[in-house]
Amino acid sequence: MNAASADGWGTAGITVGFGDTLALRDVTLAAVPGQVAAVVGGDGAGKTTLLRTLVGRIRPQVGRVSVPATVDCGFMPTGASGVWQDLTVDENVTFVAAAHRLNGAELDQRRGALLKAAGLDRATDRLAGHLSGGMRQKLAFCLAILHRPKLLVLDEPSTGVDPVSRVDLWRLISRAAADGTAVVMATTYLDEAERASTCLLLDRGKALASGPPSQILADSPGVLLTGDAPAGPPELSWRRGRQTRSWHAGTARPGERPIPVDMEDAVIAFTLADQHREH
Ligand SMILES: Nc1ncnc2c1ncn2[C@@H]1O[C@H](COP(=O)(O)OP(=O)(O)OP(=O)(O)O)[C@@H](O)[C@H]1O
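Residues numbered from 1 in each chain as written. Predicted model: local features only at pLDDT ≥ 70, side-chain atom pairs only at ≥ 80, totals over all residues. Heavy atoms only, no water.

### Some details on the domain arrangement of the chain
What counts here: The domain limits used here are those given by an automatic or database domain assignment. We call two residues in contact when some of their heavy atoms are within 4.5 Å. The term buried area refers to how much accessible surface (probe radius 1.4 Å) is lost by two components on association, counted for both of them together.
Under the domain assignment, the chain is made up of domain 1 (33–60 + 68–209) and domain 2 (215–278). Just the C-alpha atoms count here: the centres of domain 1 and domain 2 sit 33 Å apart. On the domain 2 side, the residues contacting the 10 residues of domain 1 number 11 residues. Of all residues in domain 1, the largest losses of buried area upon contact with domain 2 belong to Leu-190, Glu-194 and Leu-208, amounting jointly to 42% of the total for that side.

Right, here's the structure in full:
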């Protein structure tokens, strides 16, 4: 369980069920040092279950999980629940540092650098419960990475965060990866997924696509059209800005002018293609 493969860590063919619900079916995810792997998918897709299985909080019924030793893992649960609301920013850091036996000059240096990078260095005496949502998420991030984990797992770190704090958070995440950490993050923001090294698209517990973002876009199934009105059945059309997107399986028909897909289109196209196959 604890050995790193040549390429890093991750899950191999894991299946997780809760009673009658199959939350994950045969899902493989690679966590590679120096890279950010984004896990994307809609509500109930299985993102949280995958991350919790990766950090050892859920045991898969089938498949293998390989991660570094627990002390080398950092986990930021969803909704900044890793933050103690009744403690100040500084006290939160001290509390988590004690759990990792960090102290002295090493802790002072780490605390100073992280809180500054997160824009929290002027808020050290504020109660975490009184911080804005974005600041609290950034504090949760700092706590997860305080002990310089080799594997950092983040569950929707930027959900509900304003655009400026999202940029800050993304900078912190990129820096962690640049320092050699293997980062795995669930996100519902597809612009973030597009900037990751690899993406795993989940839908109802199943992996619909995985690979570098450019490959996911290139592999996007079917044909995407845009216009003022749906070009096919309403269940295969959706609004995007002022335009309507329409999708169909197969290749372009005579007279159609398919448009290039971005990550948002690709995620919808993979999901529709999967539903199409099922019917
Ligand atoms: N502890 C649990 N007991 C029973 N069912 C669960 C449990 N945890 C998750 N599930 C179910 O497993 C499926 C996947 O849930 P999960 O929370 O992993 O999805 P998600 O992609 O993180 O979605 P969301 O962003 O909405 O939380 C859902 O159908 C969910 O209801």
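### Overview of the nonpolar core
Heads up, the rule is: By nonpolar core we mean a set of buried residues, namely Ala, Val, Leu, Ile, Met, Phe, Trp, Tyr and Cys, connected to one another through side-chain atoms within 4.5 Å. Between buried and exposed lies partly exposed: a residue is buried under 20% and exposed over 50% of the maximum accessible area for its type, with that area taken using a 1.4 Å probe on protein chains only. Note on conventions: DSSP H or I runs of at least 4 residues are helices, E runs of at least 2 residues are strands, and numbering of each starts at the N terminus.
One finds Val-36, Leu-139, Phe-141, Leu-152, Leu-154, Ile-173 and Val-183 to be the most contacted residues of the largest nonpolar core, which totals 51 residues. Top contributing element to this core by residue count: helix α4 (residues 133–145), with eight residues. Ignoring anything within four residues of it in the chain, the contact list for Ile-173 reads Val-36, Phe-141, Leu-154, Pro-157, Val-183 and Met-185. Among the nonpolar cores identified, the runner-up in size contains 26 residues, and Ala-31, Val-39, Leu-54 and Val-67 belong to it.

### Side note on the packing of aromatic side chains
The criterion, for reference: Between 30 and 60 degrees the pair is tilted, below 30 it is stacked and above 60 it is edge-to-face, where a pair is any two Phe, Tyr or Trp rings, Trp via its six-membered ring, whose centres lie within 6.5 Å. Lysine and arginine charges are scored as sitting over a ring when NZ or CZ, respectively, is within 6 Å of the ring centre and within 35 degrees of the ring normal.
In the structure shown here, the tally under the stated rule is one aromatic pair. The ring of Tyr-189 has Arg-166 lying over it, and the distance from NZ or CZ to the ring centre is 3.8 Å.

### Digging into the packing of α4 against helix α5 (residues 163–178)
Any two packed helices are characterised by the angle at which their axes cross and by the distance between the axes. Using the following cut-off: Each axis is a line fitted through C-alpha atoms, taken for helices only over the stretch in contact, and angles between the N-to-C directions span 0 to 180 degrees. Angular relationships are summarised with four words: roughly parallel below 35 degrees, roughly antiparallel beyond 145, roughly perpendicular across 65 to 115, and oblique for the angles in between. In this classification, Asp, Glu, Lys and Arg are treated as charged, Ala, Val, Leu, Ile, Met, Phe, Trp, Tyr, Cys and Pro as nonpolar, and every other residue, Gly included, as polar.
Running from amino to carboxyl end, α4 crosses α5 at an angle of 10 degrees, the nearest separation of the two axes being 10 Å. One element, α4, and the other, α5, form an angle in the roughly parallel class. When α4 is examined against α5, the residues Gly-134, Gln-137, Lys-138, Phe-141 and Ile-145 are found in contact with a partner set consisting of Ser-165, Asp-168, Leu-169, Leu-172, Ile-173 and Ala-176. For the contact of α4 with α5, the residue count by class is six nonpolar, three polar and two charged.

### Regarding the pattern of salt bridges
Going by this rule: Salt bridges, as used here, are contacts in which a Lys or Arg side-chain nitrogen is within 4 Å of a carboxyl oxygen on Asp or Glu.
For the coordinates displayed, the defined rule picks out 15 salt bridges. Of the charged contacts, one joins Asp-265 and Arg-245 as a salt bridge, the two residues approaching to 2.9 Å between their closest N and O atoms. Of this pair, Asp-265 sits in helix α8 (residues 263–278) while Arg-245 sits in strand β12 (residues 243–248); the two residues are 20 residues apart in sequence, bridging distant segments of the chain. Neither Asp-265 nor Arg-245 differs from the other in exposure class; each is buried. Sharing partners across several salt bridges, the network here consists of Arg-240, Arg-245, Asp-262, Glu-264 and Asp-265.

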